[in-house]
Amino acid sequence: MLDLVIDARPAAIMPGFDVKRILPFRLRRMLGPFIFMDHAGPVSTVPAPLASLDVLPHPHIGLSTVSYLFGGQVTHRDSLGVEQIIRPGEVNWMTAGSGIAHSERFEDPAALAGGALEMIQTWVALPEKDEEAAPAFANYQPQELPVFTDSGVWMRLIAGDAFGLKNDVKTHSPLFYLHVVLQAGARFGLPRGYPERGAYVAKGRVEINGRAYTPGQLLVFTPGLDPVLVALEPSTLMFLGGEPLGERFIWWNFVSSRRERIEQAKADWQAGRIALPPNDNAEFVPLPQDNSRPAGSSPSPQALS
C-alpha cells in the first residue's frame with residue numbers, strides 16, 4: 001500500500017527561519033512533477049527584527065513555485081515587477097522558465113501573531129519543452145478554486161484535475177494538488193488515474209491499514225492501489241502527485257533536465273544577468289560557493305528522478 005514514508009527534516013531557508021523539508025529526499029527525489037516541498041510554521045514567536053524571516057531576492061529556472069498559506073501573509077515581489085500579498089487559501093503560481101528572481105517578505109507583524117503564519121511551498125518541475133518558457137506569475141483567489149464537502153470531509157483543489165474537479169490554475173503537465181481537511185472518523189481515498197501519488201500530513205493523525213501517521217510525514221503510495229485514509233483526529237493533509245517527467249538535475253534553486261543549463265544559471269546569477277525585482281533590488285542572496293551545502297541541495301548538480 002505504501003512504497004515509502006518520508007519524515008520531514010529541519011532546514012534553514014534564511015538565518016533564524018527554519019522549515020520542515022519534505023522533498024527532495026534521498027530515496028524519493030520527486031513525486032510526479034513535484035520536486036520540492038517545504039512546510040513553514042506555524043511561527044509561534046515574532047522575531048525582532050521581523051525582517052530576519054524575509055527570504056531575500058533569489059533566482060529560479062526550470063520550475064514553477066507554488067505558495068499556499070494556511071495562515072498569516074507574505075509579500076511576493078519578482079523581476080517581472082509583480083508585487084502580490086499572498087493570503088490564506090490563495091494559489092500563487094510563479095513559473096520561472098528561463099529565469100526569474102523573487103523575494104518573500106513578512107512585513108505585517110499582526111500576520112505573524114499567535115502562530116498565525118503557516119505556509120506550504122512546492123516546486124513543480126517543467127516538461128523539457130517548457131523549461132525555457134517566458135517567466136510568469138498568477139494569483140488565484142479562493143473563490144476560483146472549487147471546494148468539495150461531504151460528511152467529515154472538506155477539500156479544495158489547488159491545481160490540476162482530481163475527483164472530477166478542475167480549475168483555471170495553469171499547469172504544464174498532468175498533476176493534482178489538494179488541500180484536504182478531515183474530521184475525526186472520516187474516511188477518504190486518493191484520486192485515481194495518476195501513477196505517482198502521495199499525502200502529506202500537515203496536522204492531526206491518520207490511519208492506513210491499522211497504522212497511524214503523524215504531522216511531518218509524506219506517505220508515498222504504491223501505484224495502482226486505492227488506499228483509504230481514516231482520520232484518528234481532526235487532520236489537515238496535502239494530496240499531490242501526477243505523471244513523472246523523467247530525470248532532473250537540481251542545485252540550490254535551479255532545476256533542469258540538462259546539467260549544463262544549471263551551470264549556465266549559476267554563471268548568470270553571479271554575473272547579474274537574472275534581473276532583480278525592480279521594487280526589491282537593494283539586497284539579494286549571493287550564489288552559494290561550491291564547497292557550501294545550501295539547504296536541501298548538494299555542491300554539484302544532482303540528478304533527480
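Every value quoted in this text rests on a predicted model; they were computed, and no experiment measured them.

Student: I keep staring at the packing of aromatic side chains and nothing clicks. Help me out?
Tutor: Within a pair of aromatic rings, the relevant descriptors are the distance that separates the centres and the angle that separates the planes. Across all of its chains, the model carries ten aromatic pairs by this definition. Taken together, a centroid distance of 5.8 Å and an interplanar angle of 85° make the contact between Trp269 and Phe284 edge-to-face. With a gap of 15 residues between them, Trp269 in helix α1 (residues 259–271) and Phe284 in the loop between α1 and β26 (302–304) connect regions that are remote in the sequence. Among the residues examined, Trp269 registers a relative accessible area of 6% and is labelled buried. Of the aromatic side chains, those joined through ring pairs into one cluster are Phe163, Phe188 and Phe239. Here the guanidinium or amino end of Lys266 rests over the ring plane of Trp251, the centre of that ring lying 4.5 Å away.

Student: I keep staring at the nonpolar core and nothing clicks. Help me out?
Tutor: Soluble globular proteins tend to bury their nonpolar side chains together. With 28 residues, the main nonpolar core has Val91, Trp93, Tyr177, Leu218 and Met238 as its most contacted residues. Among the elements that take part in this core, strand β6 (residues 63–71) stands out by supplying three residues, more than any other. Sequence-distant contacts of Met238, that is, excluding residues within four places in its chain, are made with Met37, Tyr68, Phe70, Ile120, Ile158, Tyr177, Leu178, His179, Gly198, Ala199 and Tyr200. Listed in part, the 24 residues of the second largest apolar core include Val153, Leu182, Leu190 and Leu237.

Student: I keep staring at α1 and nothing clicks. Help me out?
Tutor: Its 13 residues place the ends of α1 19 Å apart at the C-alpha level, agreeing with the 18 Å of an ideal helix rising 1.5 Å per residue. Residues of α1 that are buried: Arg261, Ile262, Ala265, Lys266, Asp268 and Trp269. On an axial view of α1, the arc spanned by its buried residues comes to 165°, and they lie on one face. For α1, the exposed residues lying more than 90 degrees away from the buried face are Glu260 and Gln270. Those residues of α1 hidden inside the fold are in contact with β5 (55–60), β10 (100–105), β24 (248–251) and β25 (254–256). Count one or two residues on from α1 and you reach Gly272, which has phi positive near 80°.

Student: Whenever I open this one, the side chain of His76 confuses me. Can you help?
Tutor: Assignment of secondary structure puts His76 in strand β7 (residues 74–78). In this structure the side chain of His76 is engaged in a polar contact, spanning 2.7 Å, whose partner is the side chain of Asp78. What His76 contacts, discounting residues up to four positions off in sequence, is Val82, Glu83, Gln84, Ile86, Met94, His102, Ser103 and Phe137.

Student: Looking at this model, I keep getting lost on unusual backbone geometry. Mind explaining?
Tutor: Note: most residues except glycine have negative phi, and most peptide bonds are trans. Look at the link from Leu23 to Pro24: it is a cis peptide, with omega at 0°. Examined against the element boundaries, Pro24 turns out to sit in the loop between β3 (17–23) and β4 (34–40). Cis geometry marks the peptide bond from Gly41 to Pro42, where omega comes out at 0°. With respect to the secondary-structure elements, Pro42 resides in the loop between β4 and β5. Its identity is not glycine, yet Phe163 carries a phi of approximately 55°, on the positive side. Relative to the assigned elements, Phe163 resides in the loop between β14 (153–162) and β15 (165–166). The backbone of Asn209 shows a phi angle near 50°, a positive value even though the residue is not glycine. With relative accessibility at 64%, the residue Asn209 sits in the exposed group.

So, how was this worked out
- Residues numbered from 1 in each chain as written.
- Predicted model: local features only at pLDDT ≥ 70, side-chain atom pairs only at ≥ 80, totals over all residues.
- Heavy atoms only, no water.
- Phe/Tyr/Trp six-rings, centres within 6.5 Å; stacked < 30°, edge-to-face > 60°.
- Helix = DSSP H or I, 4+ residues; strand = E, 2+ residues; numbered from the N terminus.
- Buried < 20%, exposed > 50% of the residue type's maximum accessible area, 1.4 Å probe, protein only.
- Lys NZ or Arg CZ within 6 Å of the ring centre and 35° of its normal.
- Core = buried A, V, L, I, M, F, W, Y, C linked by side-chain atoms within 4.5 Å.
- Contact = heavy atoms within 4.5 Å.
- Expected span 1.5 Å × (residues − 1).
- Arc of directions from axis to C-beta.
- Polar contact = N/O pair within 3.5 Å; in protein donor to acceptor, adjacent residues only side chain to side chain.

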